Amino acid sequence: MNPISMITLLIVDDEAEIRSGLRSIIPWEDYSITLIGTAANGAEALDKIRYYEPDIVITDIQMPGMSGLELVRRAKEEQFDCSFVILSGYDEFEYARNAIRYGVKEYLLKPISIRDLTELIHNLKEEILSKRDYHSDQLSTLRKLRKAQVSLRKQNLIPQLLRGELSAMELNKVIEEYGLSIRDKESCAVLIQAYSTYQYAEETAELANSLVPLMEALEEELSGLPALISDYPPAGLVLIVNLPFQSDHWDSLHKMLEHYINRTNIDGMVCVTAAIGKPVSSLCGISASIQDARHIITWHIYPEAGAVLDFAVLESGQPPVIMPGDDLLDAVLKDDRDNIQARFKLYLEKLTTPVLPPPSYLYSMCNYLIITLQSQLSRYLDGPPKSYTGNSFAALQSLNSLEDIQIFMVKVLSGFAEELTVSQAAKNDPLIQKALDYINKNLLKNPRTEDVCNYLGLSKSYFSTYFKNKTQLNFRDYTLDLKINYAQEQLKFQEHTSGEVSLLLGYEDYRSFSRAFKARTGLTPSEYQKQFTAGERSS
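What you are looking at is a predicted structure, and each value in this text was computed from that prediction instead of being measured.

This next bit is on the sheet that holds strand β7 (residues 227-231). What the five strands build is an open sheet, ordered β7-β8-β6-β9-β10; its pairing is mixed. Here the strands that pair on one side only, and so sit at the sheet edges, are β7 and β10 (308-309). Relative to strand β9 (residues 270-276), helix α10 (residues 253-264) is tilted by about 170 degrees, and along the sheet it contacts β6 (187-196), β8 (236-242), β9 and β10. On top of the sheet, helix α11 (residues 286-296) reaches β6, β8, β9 and β10; it is set at about 30 degrees to β6, its chief contact.

Listed below in structure tokens is the structure:
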């Protein structure tokens, strides 16, 4: 194939399924088009546009952070000559008008027709080729393609190494062909991960964006050194280095990482941690080092462990099992929120002193507590509690500090107490039972307090006060809790997407639903669905 007739393409969408679908469903090579990669958000896409200068960019319009239209505007301001195709689920004139103003070639509505898209891409390709001056542009185009080829090969090399797919012969061939500095010798992998606090739950795309300056700084620092660096989705970086690590500025890998990560950890809302895996004798065996790093980085929940962790933490022994006492159950049965918090705090202190235990031990003990209480409360309710039905071990693993774990556990235990109180109130009070029956039957109609009051024939102020006196709960908050309970059950099935469940429950803004869901369960809706079903399969 004549490289001058090759067109380069970038796909941008915050939904992994759409990126994967567009990547695989269309045989781009058959159309003489090189897919240089994908991006999950506008900021990531702009970086790739700056590096690759693609001929065509297919982008979603609604993405967290930088939107598709903002991406187009920024790229045009920086004078990149890309042909943009906008994909959108919004059939609104204002979007289309802005897209045309920014010079977008086409505006397609989701769900898109593959036939229409391929026809459009073919026409764009012909238009781009007709504008090319082969004599003046030939060397420039060849250089761009070679640059993209080398970068893509380096990006693909890291996943292949992490999966252990390359033999020594194959690896050395790649190193020689692309003139890489790294060698097949003693090496280690470093996993760098961005975390948000439970209180300031950042979106995954925003977390990934927070790592962009760090990656740029590390790429510059490691230029010319035997090292490779790449994204590690959803919000991480992976670094592979030959050992011993040395440069003109640093006498240790640990010291260099600590310097750059401490510069990143300045706002308190996003925390970045690095984990250095055990050294391996050959670059081909680096998959074992990254597995160690993934285990090591779980220790980031302990602030005392520091911003850069290494395999020394793996030498920590397994502490003895410490069972929770009956005092926690008593606090839940009495719906004593202050006592629930105080008792769990004491239990957490017992688990973490005098020596910090492996995080997996901590998750197991908290998970055991939830399962035990669910079993014990079944005798007081008509079956297990419904306020929390998720995979608690998976939820605990997603949390990023001891404080987050305490907030989550107290919320789950308090949810059990609330459910028990409401259940007992309903059994003893026909009015409360009638209100709850109405809400449960009409939950998907997004009932308001006024609707319930009209059904009961009571004033809003009277009923709100009555419900609060009987249950110690705000009626509106209780209704929102019921929605999250319903969402948990629906998301256990793969055929229900988190977006569909959000709309079904009357949330116009998905982010509001995601924040409310995470506050209750410790996971975003998509994380809950993924980890719960994974947990079910493994069990």
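Read on for the rest.
A separate point is helix α22 (residues 510-521). Across its 12 residues, α22 extends 16 Å between first and last C-alpha, which sits within 8% of the 16 Å expected from 1.5 Å per residue. Listed in full, the buried residues belonging to α22 are Phe-513, Ser-514, Phe-517, Lys-518, Arg-520 and Thr-521. Projected onto a plane normal to the axis of α22, the buried residues spread over an arc of 160 degrees and lie on a single side. Residue Gly-522 follows α22 closely and has a positive phi angle near 85 degrees.

Turning to the pairing of β6, a few remarks are in order. Judged by how many residues are buried, β6 sits mostly within the fold: 10 of 10 residues are covered. Residue alternation in β6 divides its side chains into two sets, Ser-187, Ala-189, Leu-191, Gln-193 and Tyr-195 and Cys-188, Val-190, Ile-192, Ala-194 and Ser-196, and both sets are buried. Of the pairings in the sheet, the one linking β6 to β8 comprises seven bridges and is antiparallel in character. From the neighbouring strand, Ala-189 faces β8, where its bridge partner is Ile-240. Note: β6 against β9, seven bridges, orientation antiparallel. Within β9, the position partnered with Ala-194 by the bridge is Val-272.

The rules behind each value
- Residues numbered from 1 in each chain as written.
- Predicted model: local features only at pLDDT ≥ 70, side-chain atom pairs only at ≥ 80, totals over all residues.
- Heavy atoms only, no water.
- Pairing = 2+ DSSP bridges.
- Helix = DSSP H or I, 4+ residues; strand = E, 2+ residues; numbered from the N terminus.
- Contact = heavy atoms within 4.5 Å.
- Axes fitted to C-alpha atoms, helices over the stretch in contact; angles between N-to-C directions.
- Expected span 1.5 Å × (residues − 1).
- Buried < 20%, exposed > 50% of the residue type's maximum accessible area, 1.4 Å probe, protein only.
- Arc of directions from axis to C-beta.

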